[in-house]
Amino acid sequence: MYKGEHKVLIANRGEIAIRIARACLELNQSFVCVYTEADRESGHVRFALENGGEGSLFRISSYRDANEIFSVADRSGATAIHPGYGFFAEDFRFARRVVKREKPLIFIGPSWRVIQELGDKINTKRLARSLGVPTVPGSDRPIYDELEAVELADSLFAFQREQGFQAPAIMVKASAGGGGMGIEEVNDPDEFRSVYRRIRNYAKRQFNDEGVLIEQRIYGFNHLEVQVVCEKSGEKHVHFGTRNCSVQSSGNQKRIEVAPGFAPNEIHYIFDAAGVLESITEHSLSMARAVNYDNVGTWEWIVTPRGEPFLMEVNTRIQVENGVSSAISAIKGEHGVDIVREQVRLGLGEYINYSQVDVELSGVAIEYRIIAENPDNDFAPWVGRIEEFCWQEQDWLEVYTQVPTDRAYEIPTEFDPNLALAIVCGKNLEQAKKRGIDFLNGLTLQGHDRLGRKLESNISYLTDKTSGLLEF
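Residues numbered from 1 in each chain as written. Predicted model: local features only at pLDDT ≥ 70, side-chain atom pairs only at ≥ 80, totals over all residues. Heavy atoms only, no water.

S.K.: Could you give an account of the pattern of salt bridges, with specific residues and numbers?
M.R.: Considering all chains together, one arrives at 34 salt bridges under this definition. Across the pair Arg19 and Glu15 runs a salt bridge whose closest N-O atoms are separated by 2.9 Å. Of the two residues, Arg19 and Glu15 are both situated in helix 1 (residues 14-26); the distance of 4 residues between them amounts to about one turn of the helix. By sharing partners, the salt bridges in this structure join Glu225, Arg243, Lys254, Glu257, Glu300, Glu321 and Arg369 into a single network. (Salt bridge = Lys/Arg side-chain N within 4 Å of Asp/Glu carboxyl O. Helix = DSSP H or I, 4+ residues; strand = E, 2+ residues; numbered from the N terminus.)

S.K.: Tell me about the sheet that holds strand 12 (residues 296-303), residues and numbers included.
M.R.: An order of 13-12-9-10-11-16-22-20 is seen for the 8 strands of this open sheet, with the pairing classed as antiparallel. Two strands close off the open sheet at either side, each with one partner strand: strand 13 (309-315) and strand 20 (397-401). The average undirected angle you get between the axes of adjacent strands in this sheet is 25 degrees. Pairing of strand 9 (residues 222-230) with strand 10 (residues 237-248), which is carried by 6 bridges, proceeds in the antiparallel orientation. Paired with Cys230 across the two strands is His237, which belongs to strand 10. Against the sheet, helix 11 (residues 339-347) makes contact with strand 9, strand 10 and strand 12, and its axis sits at roughly 40 degrees relative to strand 9, the strand it touches most. (Pairing = 2+ DSSP bridges. Axes fitted to C-alpha atoms, helices over the stretch in contact; angles between N-to-C directions. Contact = heavy atoms within 4.5 Å.)

S.K.: Tell me about the environment of Arg75, and please be specific about residues and values.
M.R.: Its location among the elements puts Arg75 in helix 3 (residues 66-76). For Arg75, a relative accessible area of 57% puts it in the exposed group. Separated by 60 residues in sequence, Arg75 and Glu15 have C-alpha atoms that sit 24 Å apart. (Buried < 20%, exposed > 50% of the residue type's maximum accessible area, 1.4 Å probe, protein only.)

S.K.: Provide a residue-level description of the side chain of Arg369, including the pertinent values.
M.R.: With respect to the helices and strands, Arg369 occurs in strand 16 (residues 364-371). For Arg369, the side chain forms a polar contact with the side chain of Glu321, separated by 2.8 Å. Setting aside residues no more than four positions away along its own chain, Arg369 makes contact with Lys254, Arg255, Glu257, Val320, Glu321, Ala420, Leu421, Asn458 and Leu462. (Polar contact = N/O pair within 3.5 Å; in protein donor to acceptor, adjacent residues only side chain to side chain.)

S.K.: So what about unusual backbone geometry? Which residues, and what values?
M.R.: Across the chain, the bulk of peptide bonds are trans and the bulk of non-glycine residues have phi less than zero. Cis geometry marks the peptide bond from Ala259 to Pro260; its omega dihedral reads 0 degrees. A positive phi angle is found at Phe87, which is not glycine, with a value near 50 degrees. Relative to the helices and strands, Phe87 is located in the loop between strand 4 (80-82) and helix 4 (92-100). Looking at Phe87, the relative accessible area reads 26%, which means it is partly exposed. Residues other than glycine seldom take positive phi values, yet Leu470 does so here, at roughly 70 degrees. By the element assignment, Leu470 lies in the segment after helix 13 (459-466).

Below, the structure written as structure tokens:
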């Protein structure tokens, strides 16, 4: 039984708002959505009106205004807040305010203390090293002093030259950053000082913390993730497998995700791929246990061409690609796993009523991020009007989108031009790739900008990248 009936305020937009609202309905819980003027035609607005009525929808001026969010919570009688991903999802101050305000609410996500501890790359690296979890060579504490930073950078460059690296490089990162933001690569030691200062200033503006992390650059790696789900008590932890997110834009933003992370039964690797997947999964769970992790989270890894895994960071939120893990999962033989629904259920105080042996992983799933952008022009966003958007329904296909399919839709300029997430399933990688190509080839996506120029999208880019998925 649920610990009371709740009304969940969804402090986000678009397809994730729809998925959270749908999960609430399936769990017999009420929901409240918010929207801005720019999003008045978004699918999450229609979904709220059709499934919750006018009382389930409130207009706000900004998704980033915490005071407005709390005002809506009070006016609507909400008892819980789900931040989705982005905006306040990894803001421990917001999560702390949710539970400590005069009218406390439930925060559907990890506790603010966990977000604070793992949201800092330095803290995460220090914890990982204390548990024997492999991390990228470099600093394990914030560096604020420029001379110390230069000394460490010089030592990393020297180490790489000694190891025979043809093009030594290091990464400079804002320690409190995430999602690929606040990161620059340095190839020339003479340029290090200027990059360090730039990242330090960026970190101060964005996170009010000048801490900088300096690490060795790893070349030719694959980007893998482990999906972890934990009970609110922080005492029970299970995983829903791995993902490979190596197909990314020039700005390190993901474009295709595949679950599981490798396909050792179909692709020859020069290392023990199955062993690597098992290793990063167990390391991720060991860290979750150590901090009493208490909701959904993702451990992000890089794996070198020789099969060496290094922990990169922990995302203390639901991720865009959660659905590709759901697609290969079953609990006690029952398919239809929804990690968003699990997050809401557990966040409201329910228990994990299954063990790891009850979680079955089978098949392969591919998630395509369909975006209005030009991959040939450094993934520049396209702005305009979607006039036609449709696809052929399949039992192996799930499409999540806020874009209406029965009328035109003006892409809001305030946000990234993400149009949809398409998840394709197959019994193996080869079948999933074939179905992925069939879906992309059959997709209708048309539109024009204000000058009459045709819509630009990444469909061709996704098609081209499909053939080499999971290969090193």
